[in-house]
Amino acid sequence: MASEPIYQTDDLIAEDIDAYLVQHQHKSLLRFITCGSVDDGKSTLIGRLLYDSKMIFEDQLALLESDSKRMGTQGQEIDFALLVDGLAAEREQGITIDVAYRFFATEKRKFIVADTPGHEQYTRNMVTGASTADLAVILIDARKGVLTQTRRHSYLAHLIGIRNLVLAINKMDLVDCDKGVFDSILADYRVFAASIGIEDFTAIPISGLRGDNITTRSDAMPWYEGPALLDHLETVEIDADRRARDAFRIPVQWVNRPNLDFRGFSGTIASGTIAPGDPVRVLPSGKTSRVGKIVTMRGELDQAVAGQSVTICLTDEIDCSRGDVISAADSPPEVADQFEATIVWMTDEPMLPGRPYWLKLGAATVSATITDEKYQVDVNTMEHIAAKTLALNGIAVCNIALDRALPFTAYDDNPDLGGFILVDRLSNATVGAGMIHFALRRSQNIHWQAIDISREAHARQKSQKAAVLWFTGLSGSGKSTIANLVEKKLHVLGRHSYLLDGDNVRHGLNKDLGFTDADRVENIRRVGEVARLMTDAGLIVLTAFISPFRAERQMVRRMISEGEFIEVFVDTPLDVAEARDGKGLYKKARAGELKNFTGIDSPYERPENAEIIVNTVEISAEEAAEQIVEMLIGRG
Amino acid sequence: MNTHAKAERAEEAGVSPARLTHLERLEAESIHIMREVVAEAEKPVMLYSVGKDSAVMLHLARMAFHPSPPPFPLLHVDTTWKFRAMYELRDRAAREAGMELLVYKNPEAIEKGINPFDHGPLHTDMWKTEGLKQALSLYGFDAAFGGARRDEEKSRAKERVFSFRSANHRWDPKSQRPELWKLYNARKAKGESMRVFPISNWTELDIWQYIHLEGIEIVPLYFSAPRPTVIRDGLILMVDDERFPLEGEEPVMRSIRFRTLGCYPLTGAVESEAATLPEVIQEMLLTTTSERQGRAIDHDQAASMEKKKQEGYF
């Protein structure tokens, strides 16, 4: 342990600042993540890297020295962990820290370290930090060897597509720098790595505390012939650079149109290189053109490469807007609306198949639903588990369907066009992240069949406008009663209608569904699809479903043509509905015999923008039905 | 020409894609972030404090939207106590960028004559924290770019690029969103807003290097010159105008410069001979006190930044 600060002050700074600046200017950037718990010496390692690369200023160092002595964790020596462990107080305050970023530079490279503290939120945090990393350092305590958490960290790093893995076997000083210990851990890890598909990694024996094999090769381990950790970090090939060799793709972020004479497409190049004159194709439209010029404030470019943010002008006036992808004309990306993907869940409220979420991929945002959860992965054992929902920090392989087709690449080929986030439609929170495996075949092969008799023709023949009257409210609120009365009146008026009743549908179409949140979502999705087909046939559809979740009612609203969805909120207070209890269900629910009963142990989310609100305490069912029919006549 | 041939052509030309420098990657990231905000926010604004970080942020905005001018105004939340040289550059920089400059001064602070000499921490609270909230509400901005960096201090190391604020501008740690890849979720409910930090991943050295490479104009106070000063509470303060109440002190001419710029009575100078950018960078690299030490604001209390952030200050 050196007692003198080992500032690696670059002599060049003092002697020739201009030369130093030129050198610094040409440094590349490596982003990496460190995985391991505090016990593995992670904070000590990061602190050591910052310290050895002179990223600690004197005032910080003075504080560090006094803190080290006060805490006494390393006797009178400096405790490097204190440099980065400034988060304890925040943890106590209940502040979630998913990732903290640190910065340091050496003569060859600049580094950004993503540090992900915390055990409970580990999956979510690590996936977030790893998503922008070129490399992962997986720390192992030499005394403990390959642990469950080592497997979990390695699995997650591999899942997120990090190809550069460093296995840092730390605390070698505590095992007498013994080669046998290193070799045996290495052998264990090699077997495990191969089992999850990790082809390559670099193992380095280190001591973060003493600085062995961190910046320079250690004399204490003459048997180790590989690079010191920092040497490796300085020379490893960066993923982002590799992508420059792939086919050209740029997601269009923004259309730059200062005046009628200029129309440029701005974005960050996801892969490949581009030059004026190159033929390109715009996806999903498939239209082709050529690059006219590549515009930046520094002047027009002869060429631009992956990673650069540029503005491209095409030689033809073709449609292209935010969310589209401009690609090399001869190798465009696939376009699809259904995928298989791995999804990582990042919020307390579980993922529900069938519920619509916003999906953001590249610069495009679309509506998406998980159609099928194939299996969950236990991150500790890598076992596959059958499941229907996905909880916080869960990982699952799922099928996912979008409401329109998007250009994409497999995540393994390019994270910029294969990684997506899922956003809750009500809270707007980022609830999940996903990595596309491939498009589902049916998505490529099933096309819309054009039909000659249009939906308008169907409705015209019946002399009516198609509509969905969506009755929502608690069990016993009077939905079915009112819907029945409305349909009778419509029938008398000679209108063509059909009533989809919650109980009836569960005897047939939905008899495979129960009452969990996930099943309730699927129940409503199917009813929505049936209602949509019926409106296509020109019918007035009445539905009576509790439909407790706002998100699903919104989903159906979007399925149905604009203006044809009429939400009828049968607003009956819980005590009134419970007092009626026509089917004796509340009594059962109160007795604990019925689980997930809306209003009792499952929530009802009141509509915010219902077209019609019926208060069954103030008016009778007959009066309510009369009002609804009058309103329907009013709209034709 | 196919892609592989093109990559080879690139390598032959000596512009191998493998050589995107760290500054090029940072620049591309900042531009990407700004374009996302403009594409997704309804009414963005750029907070402009006239410091070196603001100068870089403004320059990046011009790069992001060229040949259009940046499609949002600049907002300076003025405390009326900035250095005179800052006001001069502010107006010129906005004009050169072709952007509208909005200057907001908290009317209550004007009325009460809030100043750093008599009112201590209240000065920052009223002019900056309150002033910023008032200005954002007044104009209805739903996204505000700020020039904060993660390397400035520990509590910023974990700050998101997109930081969400409730309708009353409070920062709720629980509602912050994970940020993966280049995907930023900018969706929000009505009344909510976001602060966006496009230069989060830049370090102080990156900022200086970029200013040097791009020839970005910064306030001359960053360069050493003889200036009238007094020493108070261990800080070298510059007597920038006649409002500075001298308590029997005689201002002394010292060769000083500033590493960070704020309100002149609150900003400590360093004695220095560094009169050019390379000299300033050299001095920064060789001296060993961190940047924020010159700001009186941070010495108020230990967890000051965290608290200020929750209250709405950057």
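What counts, and at which threshold
Residues numbered from 1 in each chain as written. Chains lettered and ligands numbered in written order. Predicted model: local features only at pLDDT ≥ 70, side-chain atom pairs only at ≥ 80, totals over all residues. Heavy atoms only, no water. Pairing = 2+ DSSP bridges. Helix = DSSP H or I, 4+ residues; strand = E, 2+ residues; numbered from the N terminus. Phe/Tyr/Trp six-rings, centres within 6.5 Å; stacked < 30°, edge-to-face > 60°. Buried < 20%, exposed > 50% of the residue type's maximum accessible area, 1.4 Å probe, protein only. Lys NZ or Arg CZ within 6 Å of the ring centre and 35° of its normal. Axes fitted to C-alpha atoms, helices over the stretch in contact; angles between N-to-C directions. Salt bridge = Lys/Arg side-chain N within 4 Å of Asp/Glu carboxyl O. 1 Å grid on protein atoms, 1.4 Å probe; cavity = no way out; pocket = protein on both sides within 12 Å on 5 of 7 lines; lining within 4 Å. Points joined across faces, edges and corners; volume = space filled by probe spheres on them. Nonpolar A, V, L, I, M, F, W, Y, C, P; charged D, E, K, R; others polar. Core = buried A, V, L, I, M, F, W, Y, C linked by side-chain atoms within 4.5 Å. Contact = heavy atoms within 4.5 Å. pLDDT = per-residue confidence, 0-100. Polar contact = N/O pair within 3.5 Å; in protein donor to acceptor, adjacent residues only side chain to side chain.

## Comments concerning the pairing of strand β15 (residues 325–328) of chain A
Move 1: Pairing analysis gives 3 bridges linking strand β7 (residues 249–251) of chain A to β15(A), with the strands arranged antiparallel. Counted as the bridge partner of R249(A) is S327(A) from β15(A).

## Some points on the sheet that holds strand β8 (residues 235–238) of chain B
Residue and element names in this part refer to chain B.
Move 1: Strand order in the open sheet formed by 4 strands is β8-β7-β9-β10, with antiparallel pairing between adjacent strands. With partners counted over all chains shown, the strands left at the sheet margins are β8 and β10 (270–271), one partner each.
Move 2: Examined bridge by bridge, strand β7 (residues 225–232) and β8 share 4 bridges and lie antiparallel to one another. Across the sheet, residue I231 finds its bridge partner in β8, namely I236.

## Structural notes on the packing of aromatic side chains
Move 1: One pass over the full model with this rule turns up 25 aromatic pairs over all chains.
Move 2: Each ring, one from F65(B) and one from F72(B), has its centre 5.8 Å from the other, and the planes form 85°; the classification is edge-to-face. Of the two residues, F65(B) and F72(B), both sit in the buried class.
Move 3: In this structure, R355(A) is placed above the aromatic ring of F549(A), and the distance from its NZ or CZ to the ring centre is 5.1 Å.
Move 4: The aromatic ring of W81(B) is capped on one face by R243(B), whose charged end is 3.8 Å from the ring centroid.

## Details of the sheet that holds β7(A)
All names here are of chain A.
Move 1: Pairing is antiparallel in the open sheet, where 7 strands are placed in the order β7-β15-β11-β12-β14-β9-β8. Two strands close off the open sheet at either side, each with one partner strand: β7 and β8 (254–259). Here the average twist between neighbouring strands, direction ignored, is 40°.
Move 2: Pairing of strand β9 (residues 262–268) with strand β14 (residues 309–314) involves 4 bridges; the strand directions are antiparallel. Bridging from a neighbouring strand, F265 pairs with I312 of β14.

## Focus: the pattern of salt bridges
A side chain of one charge can pair with a side chain of the opposite charge when the charged atoms of the two come close.
Move 1: For the structure on display, the rule yields 49 salt bridges over all chains.
Move 2: The partner of R149(B) in a salt bridge is D53(B), and the shortest N-O contact between them spans 2.9 Å. Residue R149(B) is found in the loop between β4 (143–145) and β5 (162–165), and its partner D53(B) is found in helix α3 (residues 52–65); the two are separated by 96 residues along the sequence.
Move 3: A residue is classified by how much of its surface remains accessible, and D53(B), at 13% relative accessible area, is buried.
Move 4: Here R232(B) makes a salt bridge to E247(B), at a shortest N to O gap of 4.0 Å. Residue R232(B) is found in strand β7, and its partner E247(B) is found in the loop between β8 and β9 (252–257); the two are separated by 15 residues along the sequence.
Move 5: Sharing partners across several salt bridges, the network here consists of D141(A), R143(A), K144(A) and K171(A).

## Some words on empty space enclosed by the protein
Move 1: Evaluation of the coordinates by the stated rule reveals 10 cavities of 30 Å³ or more.
Move 2: There is about 150 Å³ of room inside the second largest cavity.
Move 3: For the second largest cavity, the lining is made up of 13 residues, of which P251(A), G362(A), D416(A), H32(B) and K182(B) are closest to its centre.
Move 4: Those elements giving two or more residues to the lining of the second largest cavity turn out to be α12 (415–418) of chain A together with α2 (22–40) of chain B.
Move 5: A class-by-class count of the residues in the lining of the second largest cavity yields 5 nonpolar, 5 polar and 3 charged.

## So, the pairing of β9(B)
All names here are of chain B.
Move 1: Sheet analysis places β7 next to β9, joined by 5 bridges and oriented antiparallel. The residue of β9 that forms the bridge with A225 is I256.
Move 2: The pairing of β9 with β10 spans 2 bridges and is antiparallel. The partner of I256 across the bridge, within β10, is E271.

## Focus on the nonpolar core
Move 1: In terms of nonpolar packing, the biggest core is built from 81 residues, with M34(B), F162(B), W202(B), W208(B) and V219(B) touching the most fellow members.
Move 2: Aside from chain neighbours lying at most four places away, what touches F162(B) is I33(B), E36(B), V37(B), Q176(B), E179(B), Y184(B), N185(B), A186(B), M194(B), R195(B) and V196(B).
Move 3: By size, the runner-up hydrophobic cluster in this structure holds 79 residues, among which are Y122(A), A168(A), I395(A) and L183(B).

## Re the confidence of the model for chain B
Regions with low pLDDT should not have their predicted coordinates read in detail.
Residue and element names in this part refer to chain B.
Move 1: Per-residue confidence for chain B gives a mean pLDDT of 82, with 83% of residues at or over 70.
Move 2: Within chain B, the lowest mean pLDDT, 43, falls on helix α1 (residues 3–12), and the highest, 96, falls on strand β1 (residues 44–47).
Move 3: Under a pLDDT of 50 for its full length, residues 1–18 has, in the predicted model, 31 contacts with residues more than four places off or in other chains.
Move 4: This model gives residues 295–310 a pLDDT under 50, and the stretch forms 34 contacts once residues within four places in sequence are excluded.

## Digging into the side chain of R553(A)
Residue and element names in this part refer to chain A.
Move 1: When you line up the elements, R553 lands in helix α18 (residues 550–559).
Move 2: A distance of 3.4 Å separates a polar atom in the side chain of R553 from the backbone oxygen of P548.
Move 3: In terms of polar contacts, R553 uses its side chain to reach the side chain of E567, at 2.9 Å.
Move 4: Beyond its immediate chain neighbours, meaning those up to four positions away, R553 contacts W470, T472, S547, P548, F565, E567, Y604, E605, R606 and P607.

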